[in-house]
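# Structural features, examined
What follows is each chain in one-letter form.
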Amino acid sequence: MQTKSTHSLEGKSLSCIRDDRVLFEKLAFELVSGQILLLEGKNGSGKTSLLRILCGFREPDAGDILWCGDAVKDSQFYAQMAYVGHLDGIKKELTVLENLKMSLALSSPGQYSIHEALAKVHLAGYDDVLVQALSAGQKRRLSLARLLITENVLWVLDEPFTSLDKQGIALIETLMTEHCANGGMIVLTSHHDIALHDVDVQRINLS
Amino acid sequence: MFLIPDPVVRFFHRMASPPHFYSFTERLMPWLVVIFLLLTAAGLYGGLYLAPADYQQGDSYRIIYIHVPSAWMSLFIYMVMAVAGGIGLVWRIKLAEIVAISSAPVGASFTFIALVTGSLWGKPMWGTWWVWDARLTSELILLFLYLGVIGLYGAIDDKRTASRAVAILALVGVVNIPIIHYSVEWWNTLHQGPTVTKMDKPSIHVSMLIPLLLMAISFKFYYLIAMLQRARTELLLRERNAQWVKNMISESK
Amino acid sequence: MSLSHAFFAVIRRDLVLALRRRSEIANPLLFFILVITLFPLGIGAQPHLLQAIAPGIIWVSALLAAMLSLDSLFRSDFDDGSLEQMLLSPHPASVLVLAKIIAHWLVTGLPLLIVAPLLAVFLGMPNHSLGILLLTLLLGTPVLSLIGAIGVALTVGLRRGGMILSLLVLPLYVPVLIFAGNAVQMASGGLPVDAQINILISILLMALVLAPLPVAAALKMSIN
């Protein structure tokens, strides 16, 4: 279950250099429970790189990331975060239910049961459908259902609105608002402008 | 760390900084070359001129002055590569990564030389260029391990990632080398037993042993020279955007 | 979120996936049979000759089949992002990776044992050495999967990792080839093979304990 206690995510003078190009330098941010960090910028400006550094997939070329004041490695960070990236991490030969059960096995149970989560992302009744039969938008919503069934505070979302229609976008915005109201926090990249009321949104433009 | 005296720690700290490493090795290089040349001259003079011919093998045994030190170096450099790679992996020290990858081609060359000279030596002894003798076979597998390291490094575009891959592979190799060596030894015990490592009762004459040891030390210096030259080039390539490199280039203009 | 639950969930998922894909099981097996069939065609079918080199042929073919099957170990997980999700799990990556390797062996290594008796008959191996052949395959092929996993974890991110993979993996397979091949050879001649079997057991135990660590480290490097 999500706790109401405050968590914080802090980036300290982060730099990222890729193929001789400085993507960003001395980048700093601080995020606490209930807040959203929106990363903006052109393609290739380092948005995804920053998310992958957050996830620990990449080393920053300089700087540190702190979770609740501790270095990520020495904290509960990985038990309290969830990531939805370009690749949805879903097996197309498995059913919707099998995919979610796998995510659950790798993490702890969160706020919603699998069925509640499927209902929330408008996939109720799809339990035994093979993922290869789903549309791109449905797959995206399935990967978002993963955020609801596992225990987490921080969501890291890379272009969550891709391949979603208006309803789908509105759905994510609702989910994000709820998550923040419950003391969660979100770091995301997006080309779309997000319309969120009652949520404290910080913006960083990387261009 | 507390076991290591303070000046040593400070020395390594300074050496881990690229500009210091670059200028220090530049000053060091002429000395290394002079020592290498002196040792090689002395070793070859002792080995090819002063040492007596072998009563069984005649003069053809003299190839050991190249073969044996090369074979030693092939293993030694793999160890250095793995240790440097491991240090780079754990403490993220850029120079350790560079030393590890710069060692690989030098080690592969020594392995190759050991194989070729071993086969040349084998021709008069066994009457054929290649026999599946345990040590030659081990050496051949070691060459494959080196080529794997070099190939992997070349295949990965991002050189920091490539360094980590190479370090993991070299560490895996170091764990496996004794097992491979033992298995090959077990598979075939045709070669003459080790003659030099029996320090208590050396079975080769002193006049042959001294040049051999001289050559062994001279090869270590050659390795240092070749590895450092490669490391300096690699360092410049990787740090081409760093201020110290830009300063150096503008000064030399 | 117990670790053993996650461990068995990964094994179960990979087995289900393999059953739905099928070709993943069939291809290495067919390859194994095919290569062994090629030898009598290539060198002639004199029974004494085939019998003498049968252990070597079977083991070299097993090595090649194991190596060719490696790509499927992490490929699809790497391509669809499942690997990222697995590495983000709070569970130790080396344990989850071990589960994947075990599942992979059950799908690609174990079937080799089932066809090996047939192939031994093809090559005219004496019946009394069959038990030892199966035992060496049972002990040796998991080592091939474990060591191979290191190589494939290092190269899964590369567009053309296939050639470099064989260069990385095959030299490390040498001890298994030597001890397993020799055990079968000796058993054919009716000699005791306790030493070879004991060594294979220790190699397997060592690989089980040590290999998952570099595999996990290499995967973290590969997804960056």
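Not measured: the values here are computed from a predicted model.

So, on to the overall build of chain B. On a plain count of helices and strands, chain B comes out with 8 helices and 0 strands. Tracing chain B from N to C terminus, the helices and strands come up as α-α-α-α-α-α-α-α. With the C-alpha coordinates of chain B rotated into their principal frame, the extents come out at 60 × 40 × 40 Å. The buried share of chain B, reckoned over its 253 residues, is 35%. Contacts spanning at least 24 positions in sequence make up 77% of the contacts within chain B whose residues lie at least 6 apart.

For chain C, the count of helices and strands is 12 helices and 0 strands. Listing the helices and strands of chain C from first to last along the sequence gives α-α-α-α-α-α-α-α-α-α-α-α. Over its C-alpha trace chain C gives a radius of gyration of 18 Å, about what one expects of a compact globule, namely 17 Å for 224 residues. Dimensions of chain C along its principal axes, counting C-alpha atoms only, are 55 × 35 × 30 Å. Counting every position in chain C, which comprises 224 residues, the buried fraction comes to 53%. Look at the contacts in chain C between residues 6 or more apart in sequence, and 82% of them connect residues 24 or more apart.

Further remarks concern the interface of chain C and chain A. In this assembly, 21 residues from chain C lie in contact with 20 residues from chain A. Looking at the side of chain C that touches chain A, the elements with two or more residues in it are helix 1 (3-21) and helix 5 (82-88) of chain C. No other element matches helix 1 of chain C, which puts 8 residues into the side of chain C that touches chain A. Taken together, the residues of the side of chain C that touches chain A sort by class into 9 nonpolar, 7 polar and 5 charged.

Attention now moves to the pairing of strand 3 (residues 35-40) of chain A. In this structure, strand 3 of chain A lies alongside strand 9 (residues 200-205) of chain A, joined through 6 bridges in parallel fashion. The partner of Ile36(A) across the bridge, within strand 9 of chain A, is Val201(A).

Take the sheet that holds strand 7 (residues 154-158) of chain A next. All names here are of chain A. One open sheet accounts for 5 strands, arranged 6-7-8-3-9; its pairing is parallel. Among the strands making up the open sheet, the edge pair consists of strand 6 (81-84) and strand 9. Pairs of neighbouring strands in the sheet enclose a mean axial angle of 15°, with direction left out of account. Pairing of strand 3 with strand 8 (residues 185-189) involves 4 bridges; the strand directions are parallel. Considered in strand 8, the bridge of Leu 37 is made with Val 187.

What follows is about helix 4 (residues 94-126) of chain B. All names here are of chain B. The end-to-end C-alpha distance of helix 4 is 47 Å, a good match for the 48 Å that 33 residues give at a rise of 1.5 Å each. A bend of about 30° at Ala 104 is the largest found in helix 4, and the proline Pro 105 appears one to four places after it. Two residues or fewer past helix 4, Gly 127 is found with a positive phi of approximately 80°.

All names here are of chain A. Taking every second residue as pointing to the same face, both faces of strand 6 are buried, with Met 81 and Tyr 83 on one and Ala 82 and Val 84 on the other. As defined by bridge partners, strand 6 adjoins strand 7 across 4 bridges and the pair is classed as parallel. From the neighbouring strand, Tyr 83 faces strand 7, where its bridge partner is Val 156.

Once that is clear, we can look at the sheet that holds strand 4 (residues 62-67) of chain A. Residue and element names in this part refer to chain A. Spatially, the 4 strands line up as an open sheet ordered 2-1-4-5, and their pairing is antiparallel. Either end of the sheet is taken by a strand with one partner, and the two such strands are strand 2 (21-32) and strand 5 (70-71). As defined by bridge partners, strand 1 (residues 8-18) adjoins strand 4 across 5 bridges and the pair is classed as antiparallel. For Leu 9, the partnering residue across the bridge sits in strand 4 and is Trp 67. Helix 1 (residues 47-55) contacts strand 1, strand 2 and strand 4 of the sheet and is inclined by roughly 125° relative to strand 1.

Attention shifts here to the environment of Val143(C). Residues and elements named next belong to chain C. Checked against the element boundaries, Val 143 lands in helix 8 (residues 130-155). Expressed as a C-alpha distance, the spacing of Val 143 and Pro 55, which sit 88 residues apart in the sequence, is 18 Å. Once you skip the residues sitting within four places of it in the chain, Val 143 turns out to touch Val 176, Ile 203, Leu 204 and Ala 207.

On to the confidence of the model for chain C. When the pLDDT values of chain C are averaged, the result is 92; 100% of them are 70 or greater. Here the complex is predicted with pTM 0.90, and the ipTM for its interfaces comes to 0.92.

A word on unusual backbone geometry. The phi angle at His122(A) is positive, at roughly 60°, despite the residue not being glycine. Mapped onto the elements of the fold, His122(A) is located in the loop between helix 3 (114-120) and helix 4 (136-149). Judged by local crowding, His122(A) falls into the partly exposed class, with 15 C-beta atoms found within 10 Å. At Arg92(B), a position not held by glycine, the phi torsion is positive, near 55°. Turning to its location among the elements, Arg92(B) is positioned in the loop between helix 3 (64-91) and helix 4. Arg92(B) gets classed as partly exposed once you count the C-beta atoms within 10 Å, which come to 13.

What follows covers the packing of helix 4 of chain B against helix 6 (residues 159-187) of chain B. Residues and elements named next belong to chain B. Two numbers describe how helix 4 lies on helix 6: the axes approach to 10 Å, and their chain directions differ by 65°. Crossing of helix 4 over helix 6 shows left-handed handedness. Listed contacts from helix 6 to Glu 97, Ala 100 and Ile 101 of helix 4 are Ser 163, Val 166, Ala 167 and Ala 170. Grouping the constituent residues of the contact of helix 4 with helix 6 by class yields 5 nonpolar, 1 polar and 1 charged.

Residue and element names in this part refer to chain B. Viewed as axis vectors pointing N to C, helix 3 and helix 6 meet at an angle of 130°, and their least axial separation amounts to 8 Å. As the angle between them shows, helix 3 and helix 6 are arranged oblique. Helix-helix and strand crossings are classified by hand; for helix 3 and helix 6 the assignment is left-handed. Every residue of helix 6 that contacts helix 3 at Tyr 78, Met 79, Met 81, Ala 82, Gly 85, Gly 86, Gly 88 and Leu 89 is listed here: Ser 163, Arg 164, Val 166, Ala 167, Ala 170, Leu 171, Gly 173, Val 174 and Ile 177. Among the residues forming the contact of helix 3 with helix 6, the class breakdown is 11 nonpolar, 5 polar and 1 charged.

Reading guide: rules and limits
- Residues numbered from 1 in each chain as written.
- Chains lettered and ligands numbered in written order.
- Predicted model: local features only at pLDDT ≥ 70, side-chain atom pairs only at ≥ 80, totals over all residues.
- Helix = DSSP H or I, 4+ residues; strand = E, 2+ residues; numbered from the N terminus.
- Buried ≥ 20, exposed ≤ 12 C-beta atoms within 10 Å, placed from the backbone.
- Contact = placed C-beta atoms within 7 Å.
- Rg over C-alpha atoms; globule rule 2.2 N^0.38 Å.
- Nonpolar A, V, L, I, M, F, W, Y, C, P; charged D, E, K, R; others polar.
- Pairing = 2+ DSSP bridges.
- Axes fitted to C-alpha atoms, helices over the stretch in contact; angles between N-to-C directions.
- Expected span 1.5 Å × (residues − 1).
- Bend = angle between axes of the 7 residues up to and from the residue.
- pLDDT = per-residue confidence, 0-100.
- Left-handed = near helix turned anticlockwise from the far one by under 90°.
- Parallel < 35°, antiparallel > 145°, perpendicular 65-115°, else oblique.

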